[in-house]
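This is what each chain is made of:
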Amino acid sequence: MMMMLRTIVHSRSVRLGGHLYLSPLAATNHAAASGSSSNIILSYPSNSHFSTPTQPSRSFWSSTTSSSSSQEDEGQTPEKKNKSTTAPPHLLPIPPLTPSNISATSLLPNSTIESLKCLPEIQSALDILYHSRSTNSNSNQPTNTQQLHSNLQRARDILQSLPELHSSTYLISTDLYALCGQFDLALESLGRYNHLLQQQQHQPNGKMKKMTKQQRVQLQFLQAKLYTLSGQFTLALSEYEDLLEKMEQDVERQMKQQHNQPPGGVVSVIDGAATLTGVGLTKLLLLLYQEENKEENNNHDTSSSSTTTTTTAINEIMEAMETSTEMLLESRQDALHSPKHADLAIDLGIAASISLTNLGVAHCLLGKKNKVKSIEQWKKGIDTLDALLSDAMNTATIIPRHKFLWMESIRARLHCDIACLLLGLVDPSSSSSPTTKKQLDDDTLKLASEAAKKGLDIYDELINGAKILRVENDDGGSSSSTHDGNNIDEEDNDDNKKEWERILKEEVKKKKKQENDDDDNKPPEVSLSPLWIDYHRCESARALGLVAHCYAQAGAAVTSEGLFQSALDASSSYPFGQSLRSSSSSSSNFVHGGKGIALSSPNLAFIARDVRLWYAMLCNNWEKRKGDADRLLADAQKIDKDMVFQGYSSSSQEGKKKRISGMISSLWLFNPIDFERK
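Only a predicted model underlies this, so the values are computations on that prediction, with no experimental measurement involved.

Reading the values: the criteria
Residues numbered from 1 in each chain as written. Predicted model: local features only at pLDDT ≥ 70, side-chain atom pairs only at ≥ 80, totals over all residues. Heavy atoms only, no water. Helix = DSSP H or I, 4+ residues; strand = E, 2+ residues; numbered from the N terminus. Buried < 20%, exposed > 50% of the residue type's maximum accessible area, 1.4 Å probe, protein only. Contact = heavy atoms within 4.5 Å. Areas by Shrake-Rupley, 256 points an atom, 1.4 Å probe, with all protein chains shown as cover. 1 Å grid on protein atoms, 1.4 Å probe; cavity = no way out; pocket = protein on both sides within 12 Å on 5 of 7 lines; lining within 4 Å. Points joined across faces, edges and corners; volume = space filled by probe spheres on them. Nonpolar A, V, L, I, M, F, W, Y, C, P; charged D, E, K, R; others polar. pLDDT = per-residue confidence, 0-100. Salt bridge = Lys/Arg side-chain N within 4 Å of Asp/Glu carboxyl O. Core = buried A, V, L, I, M, F, W, Y, C linked by side-chain atoms within 4.5 Å.

S.K.: Would you explain the overall build of the protein chain in this entry?
M.R.: Across its full length, the protein chain carries 23 helices and 8 strands. Per-residue burial over the protein chain gives 53% buried out of 678 residues. Sequence separation of at least 24 residues holds for 72% of the intrachain contacts in the protein chain that already meet a minimum separation of 6. When the accessible area of the protein chain is evaluated, it comes to approximately 31,300 Å², of which 50% is carbon and sulfur surface.

As structure tokens, then:
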């Protein structure tokens, strides 16, 4: 068992399991108190996937003499600074940054990817993996996953004499298996890669090529997340606790070696927060699973020992998650003190908003389902995202496109969480009850409707682009709704708005034309995988379902049904999915190009299940629609059985599965690797 996590905020410090993690400000005070002449500062974010002496990792603190750092800055010309701090863009598109994202291939350097892509067997696998636009033209030639893995094996045979390239193919296999929901095989491929990497430590010439510490940490994060996605929570918790123990040892070592910090010995804020989040969330999932088993086995043990055990587990969960959140929020504030760390402040803010999302869900699922605390955390997460945009504007910091999309997807999820809680849809058992018909008061329904609508609007822009930039007509005509025109002031405001929209659209057209003319001169950009839009379209089903439920509560059943139909279509639109009408639950015969419910994401599977449960509630309360309700409930049951993975739904003695709250779809085990993409 992991030792008790205690949060002690004294002089902006956080104590984890008896060892001290200092915020940058606290570390500076500690150094001053000890008489050290060094300044303890945050280092620049790393532009590479693995730490190198010339590119320090994003760290909690690193001991650097201010005079030497200033001399280095003064001695470098702007051109040299740009060369030293700017890394070439990654050759592979950035995959969607989501709760189910693995992207093991992002660990590979560009040189390795270039070499691997020379083989058509590798290129075809990468095209499928990143849903390349080029594959869309060949959609009439579906590719079986068995064929892809057979091609990869043939590539391994060719690369047998090149150990580094040979081992790298297993990371591609890891991503392909994970994309199809075959997590056991993904773990096996990742383990094989790790084994081959250790074998390569001894080169033929006798020189030692050690696996870096950062490589080991990143691989362990991937392994822990794969365990969690597959429902193997105990194994995942073991990995996160091991990571936490090693980080505590590093912190203790750092405190003893303030003057001569060893390379690679720093502890990253995001690494530490991600580890604590992993500990907290896996313990939360284990607790929920164990409680469901107790209920199914009719175990009504009310002894004080059982109650004490549960209370202790809840305290450990909340302390881990609260500590993670406080670390990120405090470190973000400290990073804002220096303009050099504006980019780092954005990363810390994104991680903090995810942590606040998780914390709100934990409050919702534990104890008495405290609505006030949950909504308080979620609103704080929205405020954090707003502050990121404001700070970026004030510091003239450009937020990369993929990180902005990431922020907006988190914002949409937060609004949906608020709406779901206000509508009383946290418990899936009540959603599937044929007699359930809850009437909300007008104020609550209004708040829930506003939150659900905000979430839906964000998903609309994530899928179709910003509304204000959608140029549908060459003459600059607006597709926005017309105004009543009863009030002169409102007409003036509407005219001003249309004029601004017209000017903005003209500027967008000019910018696009200029970009097309300067294609040869503009710097290379890292493209985004088309799966970003596919994932957001599936996830938008939740917002559609919540808006539909609001209309149902307001008595607009016909409008509600139309929205529910759209939600069903969206939840079954993932290009790497399985149809509910499929006769087989196995993904071994998965074919690229088929659409259905995502096999790679418990989050999307929970959403697909919940919108069917909510739709069934509408049909149950509608005359002569019981047959439709039964069909929807059967589909939800099939998703629970075949697509929500083992461990997320616990089996009863009768062979049925008791549904666990779909709020779990908002839990997010963020991975430090995600923040390394530039």
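S.K.: I keep staring at the side chain of Gln377 and nothing clicks. Help me out?
M.R.: Positionally, Gln377 belongs in helix α15 (residues 371–394). The class of Gln377 is buried, set by a relative accessible area of 13%. Excluding its chain neighbours within four sequence positions, the residues that come into contact with Gln377 are Leu356, Leu359, Gly360 and His363.

S.K.: Quick question: what am I supposed to make of empty space enclosed by the protein here?
M.R.: Vacant regions in the atomic arrangement are exposed by a probe of water-molecule size rolled over the atoms. Under the defined criterion, the tally for this structure stands at 7 cavities of 30 Å³ or more. Looking at the largest cavity, its volume works out to about 270 Å³. For the largest cavity, the lining is made up of 20 residues, of which Pro95, Asn101, Ile102, Ser103 and Leu179 are closest to its centre. Of all the elements in the fold, those that place two or more residues in the lining of the largest cavity are α8 (163–179) and α20 (531–553). No other element matches the 3 residues that α8 contributes to the lining of the largest cavity. Residue composition of the lining of the largest cavity, grouped by class: 11 nonpolar, 8 polar and 1 charged.

S.K.: I would appreciate a short explanation of the confidence of the model for the protein chain in the present structure.
M.R.: Detail in the predicted coordinates should be disregarded across regions flagged by low pLDDT. With 65% of its residues at a pLDDT of at least 70, the protein chain reaches an overall mean of 76. Here residues 133–142 is a poorly scored stretch, pLDDT under 50, and it has 8 contacts once near neighbours within four places are set aside; other chains count. Note on residues 584–592: pLDDT under 50 across the span, and 31 contacts to partners over four residues away in sequence or across chains.

S.K.: Explain the pattern of salt bridges here, please?
M.R.: Any two side chains of opposite charge can pair, given that their charged atoms come close. Tallied over the entire structure, the rule returns 18 salt bridges. Between Arg253 and Asp250 there is a salt bridge, with the nearest N and O atoms lying 2.7 Å from each other. Here the residue Arg253 and the residue Asp250 both occupy positions in helix α11 (residues 233–256), the gap between them amounting to 3 residues, near one helical turn. By relative accessible area, Arg253 is classed as partly exposed at 37%. Arg625 is the partner of Asp628 in a salt bridge, and the nearest nitrogen-oxygen pair spans 2.6 Å. According to the relative accessible area criterion, Asp628 is partly exposed, its value standing at 26%. Here Arg625 falls in the buried class, since its relative accessible area comes to 16%. Bridged by salt links that share partners, the residues Lys213, Asp250 and Arg253 form one connected network.

S.K.: It is not clear to me how the nonpolar core should be interpreted in this structure. Could you clarify?
M.R.: Formed by 158 residues in total, the largest nonpolar core has its most connected members in Leu328, Ile350, Trp378, Leu546, Tyr574, Trp614 and Phe670. For Ile350, the residues in contact, after removing those within four places along its chain, are Leu388, Lys403, Trp406, Met407, Ile410 and Phe675. With 5 residues, the next largest nonpolar core counts Leu580, Ala605, Ala608 and Ile639 among its residues.

S.K.: Is there a simple way to explain unusual backbone geometry in this structure?
M.R.: Excluding glycine, residues mostly have negative phi values, and the peptide bonds linking residues are mostly trans. The phi dihedral of Ser103 falls on the positive side, at around 45 degrees, and the residue is not glycine. By the secondary structure assignment, Ser103 is in the loop between α3 (78–85) and α4 (110–116). A positive phi angle, close to 55 degrees, is found at Ala396, a residue other than glycine. You can see Ala396 is positioned in the loop between α15 and α16 (401–422).

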